[in-house]
Amino acid sequence: MSRIKAGFSTSSLPRIGNSQLRANLRSATSSIREKRARVVGEKSDWEELRRKAEKIKDQVLNNLDAYLTELERSVEDVGGKVHWARDSQEANEIILSLIKSHGSKQVIKVKSLTTDEMQLNDFLQANGISAYETDLAELIVQLGNDRPSHILVPAIHKNRSEIRDLFKQTIARGRDISDDPAELAETSRSYLREKFLSTEIAISGVNFAVAETGTVCVVESEGNGRMCLTLPRVLISVMGIEKIVPGLDDLAVFLELLPRSSTGERMNPYTSLWSGVYPGDGPEEFHLVILDNRRSAVLADPIGRQALRCIRCSACLNVCPVYERSGGHAYDSVYPGPIGAVLSPQLFGNESSLSLPWASSLCGACYEVCPVRINIPEVLVHLREKVIVDGHSSLAERSLFAALARALTNTTAFELLEKVMLTVRIPINRMPVGGSLPGYLGKWGVTRDLPEIPKMTFRMWWRHRDG
Ligand code: SF4
C-alpha cells in the first residue's frame, strides 16, 4: 500500500494541490493532443510507420555493439572525436576537461534531457563554468531555479504572466515588460543573442546518430539549436548509446513520426544534420560523448529494454490522465510522465524511482500513441513485479496483497469477503474521505476519493438482472 501511495513523491504534494499549475498543464497538453490527432489522422500509413520504427529500433538494440563501433568509425572518418562514458560522472568529467582545455568559463546549451540526466549544469557550475540554456522553455526553468515538468515543453507549468514576472526580475534588466508573447520572446532573444556571439563552446544533445555516415541530427523549434550548432568554435554533443539509427533512410522514418507525435506538426521547423567538421563552415572541433549510464543493464531485461526505443516525443505525457492531474512534477525525475515511469526506475533504480511504476492508471493510452510502440503498461506491470520480488515492499503491504490473492483465487473466501463488505458498507461509506483519513490513507487520500461500496455485488446484480 505504501508503494501505491508513493506513486507520487510526497515532495510533489504541494504541486498537486496547485490548481493554477494543473490548469496550465491541462490547457497546454489538450491543445497539443488535438493537434497531434489531426496530423496523425492525415497519414494513412501511420501504423505501418510505427511498426517500421519499432523494427529499426529493435534491430539497433539487438546489434548495438556493432552499430556503436560503426558510428565511432564514421564520426572519426569525418573529423569528429568520439568519447565513451560509462556513467554520468565520466561524461561530466570528459566535458569539463574539454572546456578547460580551451580555457573557457562559459558554454551555451541546446535543450538536452541526457545532460539533465547527468546533472551537467550543476557539475559545471561547481567547477566554475556557467552553462546557459538557450531553448526558451529551458531558459525559463533555469532562470526560475525550477525543474522541467514536460519533456518537450519544460516550462509548460508556467503561464505568461508568471514568465513576465520572472523575466522582470532577471533578464529584462530593469525594463518594464508586458506579458505579450512577442515581447517576452524578444526579451529572451536579445539576452541570448549576446551569449551566442560571445561563447566559444556549445553543448547539445542528440536526437539521432546515423551509424553509416557519422551524421548527427538535432531537431528543435526555435532556431536556438541551429545557432548553437553552427556559431561556436567547439561543439560537444552528448548521446545515450540507444540513439543510433543504421542509415539515412531509417532516419527519414523517425523524421516523419517525431514532429507529428511531439508538437503536432508535419515537420520540425529546424532539423539540423551535420557530419564531422568542414573547414570554414561551422565548428572547427566536434566531440561526440556516448553515454551508457546503466543503459546496457536495461538492455539485458527482455521486457524493460523496449523503453530504450523512446525518441522523447512526449506524446505519452500528453495523453496520460495521471500526468495531467499530477501537475507534471510529481515524478521527481528528469523523465516525467509514462516514459519516465518506465525509464527512471531502470536507469536510476533509486528509492524515489521505485514508486514510479505505480504512477499510472494502466489505461493504455500511452501505448496507443507511442510512435515506436513501447508497450508502457506491460513494462509498468513488469517493473511493479520486480520491485516486489526484489524485496522493496513493506511487510504490511506484502501481507495485505497475499491475503487479497488468497481471497481472489478461492470462491468460498471471495464470497465471504463480499458478505463482510456488504455488512460494513454503511459505516465505511460514512467514513471521512480524502486527507482526513488516518496515517498513510490520509496522505493517499489527499487527491483521491474513496468509491462508495454499492448495495449489491456484481454477481448479485447479474442474477437480479436475469430475473
Ligand atoms: S515512450 Fe513513446 S510516446 Fe512516450 S516519449 Fe517515448 S517515444 Fe514518445
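Residues numbered from 1 in each chain as written. Predicted model: local features only at pLDDT ≥ 70, side-chain atom pairs only at ≥ 80, totals over all residues. Heavy atoms only, no water.

Between helix 17 (residues 337–347) and helix 20 (residues 376–389), the least distance of the axes is 10 Å, while the angle of their chain directions is 40 degrees. Regarding the angle of helix 17 to helix 20, the classification is oblique. Relative to helix 20, helix 17 is oriented so that their crossing is left-handed. On helix 20, the residues touching P338, I339, A341, V342, P345 and Q346 of helix 17 are I376, V379, L380 and L383. Residue composition of the contact of helix 17 with helix 20, grouped by class: nine nonpolar, one polar and no charged. (Axes fitted to C-alpha atoms, helices over the stretch in contact; angles between N-to-C directions. Helix = DSSP H or I, 4+ residues; strand = E, 2+ residues; numbered from the N terminus. Parallel < 35°, antiparallel > 145°, perpendicular 65-115°, else oblique. Left-handed = near helix turned anticlockwise from the far one by under 90°. Contact = heavy atoms within 4.5 Å. Nonpolar A, V, L, I, M, F, W, Y, C, P; charged D, E, K, R; others polar.)

Bringing the layout of surface pockets into the picture now. The volume enclosed by the largest pocket comes to roughly 1,100 Å³. Around the largest pocket, the lining comprises 47 residues; the ones closest to its centre are K111, D135, L152, V153 and E222. Considering every element that reaches the lining of the largest pocket, the biggest residue donor is helix 3 (residues 19–41), with six residues. For the lining of the largest pocket, the per-class residue count stands at 23 nonpolar, 14 polar and ten charged. (1 Å grid on protein atoms, 1.4 Å probe; cavity = no way out; pocket = protein on both sides within 12 Å on 5 of 7 lines; lining within 4 Å. Points joined across faces, edges and corners; volume = space filled by probe spheres on them.)

Our next topic: the site of the ligand. Around the ligand sit 13 residues, and of these C310, C313, S314, C316 and C370 come closest. Along the lines of polarity and charge, the residues of the shell around the ligand split into eleven nonpolar, one polar and one charged. (Near = heavy atom within 4 Å.)

With that settled, the discussion passes to the nonpolar core. Membership of the largest hydrophobic core comes to 92 residues, with the highest contact counts inside it found for L71, L288 and I339. For this core, the element with the most residues is helix 4 (residues 46–62), which contributes six residues. Of the domains in this structure, domain 1 (2–33 + 296–389) and domain 2 (43–293) are the two that each give at least three residues to this core. Not counting residues within four places of it along the chain, the set of residues in contact with L288 comprises L71, V75, K81, V82, H83, V206, S237 and M239. Residues I99, F123, A131 and I203 belong to the second largest nonpolar core, which totals 21 residues. (Core = buried A, V, L, I, M, F, W, Y, C linked by side-chain atoms within 4.5 Å. Buried < 20%, exposed > 50% of the residue type's maximum accessible area, 1.4 Å probe, protein only. Domains from an automatic or database assignment.)

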